[in-house]
Number of protein chains: 2
Amino acid sequence: MSAPGPADTDRSTAHAFSNGLALLAPHMLELDRFLHGQLAAFEPEIRAMADYCIDTSGKRIRPALVFLSGWRGPGQISTDLVRVAAVVELVHLATLVHDDIMDRAEVRRNRRTAVREYGATAAVLLGDALFAHALNLATQFPTTEICSAVSESTRRVCAGEIMQTLRRGSTNITRADYQRIIDLKTAELFRVSCFLGARLAGFGPDYVEAVSRFGRHLGIAYQIYDDLADFFGEEKRVGKTLGTDLASGKLTLPLLLLMERLTPAERDELTAEILGQHPVQSGLHLQQMRSLGIFGAVAEAVTIEINTATAALQETAEEAPTPLLLGLCDVLRGQVLALQPAVV
Amino acid sequence: MSAPGPADTDRSTAHAFSNGLALLAPHMLELDRFLHGQLAAFEPEIRAMADYCIDTSGKRIRPALVFLSGWRGPGQISTDLVRVAAVVELVHLATLVHDDIMDRAEVRRNRRTAVREYGATAAVLLGDALFAHALNLATQFPTTEICSAVSESTRRVCAGEIMQTLRRGSTNITRADYQRIIDLKTAELFRVSCFLGARLAGFGPDYVEAVSRFGRHLGIAYQIYDDLADFFGEEKRVGKTLGTDLASGKLTLPLLLLMERLTPAERDELTAEILGQHPVQSGLHLQQMRSLGIFGAVAEAVTIEINTATAALQETAEEAPTPLLLGLCDVLRGQVLALQPAVV
């Protein structure tokens, strides 16, 4: 799920989205220009570091949601939308810089992570500086509404990540816990991106509310899809996940459902692996996932959220963003199908 | 240098300030009440963690600057000042949470640090959540001005800390580098605290500007004093500093001046210790500092900054905050004198 853009190097998922979002190509170019223009705001001594983080900016899903939710047709690109797209992207980049420290990640999108490049201490502070600048940009609107919405969302994203962190290595996670965590850590920024786009484009309160609900459920669906792809995606990604994520005790929906469906003895064994007491048996668990229908069950959870997202826009077919946003749902549905294993 | 307050456990410095700032006792109580009221804004799952950070809040110098710069006389306490004091204190607390991760600090003000209590990952995110909430609080004013000032200051504080981090272990630091770093990492938040207090209390632009300049130079003076106290303060603190800060390569003014005044052979030896090539000889360097007049030279640097701060308020004696702010300078002068070694 990706918007096209010069900085996008994640071709595998970018490809699926580039047809759907070709109409945003000029917006993304404008966003790039704007983001690079922001570097002047940083103290000269840290400008190159900020530039490094902005360069690794990835898929730009959240800016795409801003532009689509505020869509009034092609033509001139709204400065307000570009600025707010930059705000949500910078918040997202800041969380990535901090995530990479915590995950000890060395590479992101074919480049060394900020933590690898500058060390953990500088990376913590660099993430802080990006956050601070994002919120400073958000004050460059006539009212406090934008900055208020963004800072509240940021706090909620952090809360979701804290919950996920504290539950690592615990095998007592319920589906409700998982749902709550992804609602905060992922769906919140999707929601606020849609909210801000529609609001700044001047849509009425009912539509802004509908689009926000759409964004939230699309975000939940996207995170479940992403967790599914960790197990049923490309060989390379699956290997990495089973080797690190499972071993680090991060329980996502595929693993939660697997735990539910295993025999007590098998569950005890998987628990011991999650707790780091036994070595991880990747091949076995992938086999179990396939034979116990985990793919279908998780894909169904994605579908339910996509349907809720779609339902939020049901009575707003006449608004310009609606067909474009619904198109995102189709893209995501297609991406889930593309993951489907040959033999389920 | 400290304001009295229920959460203040740093008695050694609190004492020196408590006489001067007794008039702020009701303000600090109100601030405490307000900060604890903010916990409701955090997601229930992270509320106890946010509470833990707020409880360790320390000296509250920045809120004191807000209240004093906005002083209109005793009596009713302005809600605006309490809110903005909470904003600057939360930003400061967030930086402390992140600092403690980077310094691997275990204890702060007689309590375990957030990183010791919750782990580094949760502490990074908790600091982020505190930042985000501080900026959200800053949007609860009629205009974007407050949040804009705070977010810009926050970015500058981070930039200063990044510079300090990147220079650790380097022995090529100039006095200009040191000055620039403390101007950003410490003086910036002092400056903005004074700015916000005076601005929200409705003082005219000239006085707001004068008070901001005062705050900046008081902040520089305070940081130099603090760095001096690391070497000439209580025995316990000095031991810690020479054991850890010097060994970790953090070059502050006392060390910079010592480097300048040592013979080439002695300088090479100290450099080797800073680079971690030789064990640190604490006793020797304290002796060198005493015999080379480092105390006097650093104390003079503090005095120069205090004088610049004082000069900023020279023509504003009639404004209510002026005598109180000048009182802070006297307190700081007294604290420097109290550090003076028996034989210099």
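(A) Broad picture of the relation of the copies chain A and chain B. Rotating chain A by 180 degrees and translating it 0.0 Å along the rotation axis places it on chain B, where the RMSD comes to 0.0 Å. Seen this way, the second copy is the image of the first under a two-fold rotation axis. Nearest to the rotation axis, the C-alpha of Thr144 of chain A is located 2.6 Å from it, this being the minimum over chain A. A high fraction, 100%, of the interface residues of chain A reappear at the interface in chain B, so the copies pair face to face through one surface.

(B) Just the interface of chain A and chain B, in detail. Residue-level contacts link 36 residues of chain A with 37 residues of chain B. Of all the secondary structure elements, the ones that give two or more residues to the side of chain A that touches chain B are helix 3 (44–55), helix 5 (79–102), helix 7 (120–138) and helix 8 (145–167) of chain A. By residue number, the principal contributor to the side of chain A that touches chain B is helix 8 of chain A, which donates 14 residues. Class assignment of the residues belonging to the side of chain A that touches chain B gives a composition of 19 nonpolar, ten polar and seven charged.

(C) Layout of the packing of helix 10 (residues 205–232) of chain A against helix 15 (residues 294–312) of chain A. All names here are of chain A. Contact geometry of helix 10 with helix 15 gives a least axis separation of 7 Å together with a crossing angle of 165 degrees. By the angle between their axes, helix 10 is roughly antiparallel relative to helix 15. Crossing of helix 10 over helix 15 shows left-handed handedness. Across the interface between the two elements, Ala210, Arg213, Phe214, His217, Leu218, Ile220, Ala221, Ile224, Tyr225, Leu228 and Phe232 from helix 10 touch Phe295, Val298, Ala299, Ala301, Val302, Glu305, Ile306, Thr308, Ala309 and Ala312 from helix 15. Residues that form the contact of helix 10 with helix 15 fall into these classes: 17 nonpolar, two polar and two charged.

(D) Up close: helix 2 (residues 25–38) of chain B. All names here are of chain B. In this model helix 2 runs 20 Å from its N-terminal to its C-terminal C-alpha over 14 residues, within 8% of the 20 Å that 1.5 Å per residue would give. Buried within helix 2 are the following residues: His27, Met28, Leu31, Asp32 and Leu35. Buried residues of helix 2, seen end-on, are gathered within an arc of 140 degrees and therefore sit on one face of the element. In helix 2, the exposed residues that point more than 90 degrees away from the buried face are Arg33, His36 and Gly37. Contacts made by the buried residues of helix 2 are with helix 3 (44–55), helix 4 (61–69) and helix 5 (79–102).

(E) View of unusual backbone geometry. Residue and element names in this part refer to chain A. Residue Arg60 is not a glycine yet carries a positive backbone phi of 55 degrees. As for its position among the elements, Arg60 is in the loop between helix 3 and helix 4 (61–69). The exposure class of Arg60 is buried, given the 29 C-beta atoms found within 10 Å.

Rules of the game
- Here the residue numbers are simple positions, counted from 1 along each chain's written sequence.
- Just so you know, chain letters begin at A and ligand numbers begin at 1, following the order they were written in.
- Whole-chain, interface and lining totals are the exception, using all residues; otherwise, since this is a predicted model, local features are given only for residues with pLDDT of at least 70 and side-chain atom pairs are given and counted only at 80 or more.
- Each copy is superposed on the other by least squares, with the fit set by C-alpha atoms of residues at a pLDDT of at least 70 in both.
- Here the contact rule is simple: place C-beta atoms from the backbone, and any two residues whose C-beta atoms are within 7 Å are in contact.
- Strands here mean DSSP runs of E at least two residues long; helices mean DSSP runs of H or I at least four residues long; both are numbered from the N terminus.
- Classification used: nonpolar for Ala, Val, Leu, Ile, Met, Phe, Trp, Tyr, Cys and Pro, charged for Asp, Glu, Lys and Arg, polar for all others including Gly.
- Only C-alpha atoms enter the line fits that serve as axes; for helices the fit covers just the stretch in contact. Angles between N-to-C directions range over 0 to 180 degrees.
- Each angle gets one of four labels, with under 35 degrees taken as roughly parallel, over 145 as roughly antiparallel, 65 to 115 as roughly perpendicular, and the rest as oblique.
- Here is the rule for handedness: rotate from the far helix to the near one, and if that takes an anticlockwise turn smaller than a right angle the crossing is left-handed, while a clockwise turn gives right-handed.
- By this rule the span expected of a helix is its residue count minus one, scaled by 1.5 Å.
- Three exposure classes are used. Buried residues have 20 or more other C-beta atoms within 10 Å of their own C-beta, exposed residues have 12 or fewer, and partly exposed residues fall in between, all C-beta atoms being placed from the backbone.
- Directions drawn from the helix axis to the C-beta atoms are what define this arc.

Keep in mind these values describe shape, not function.
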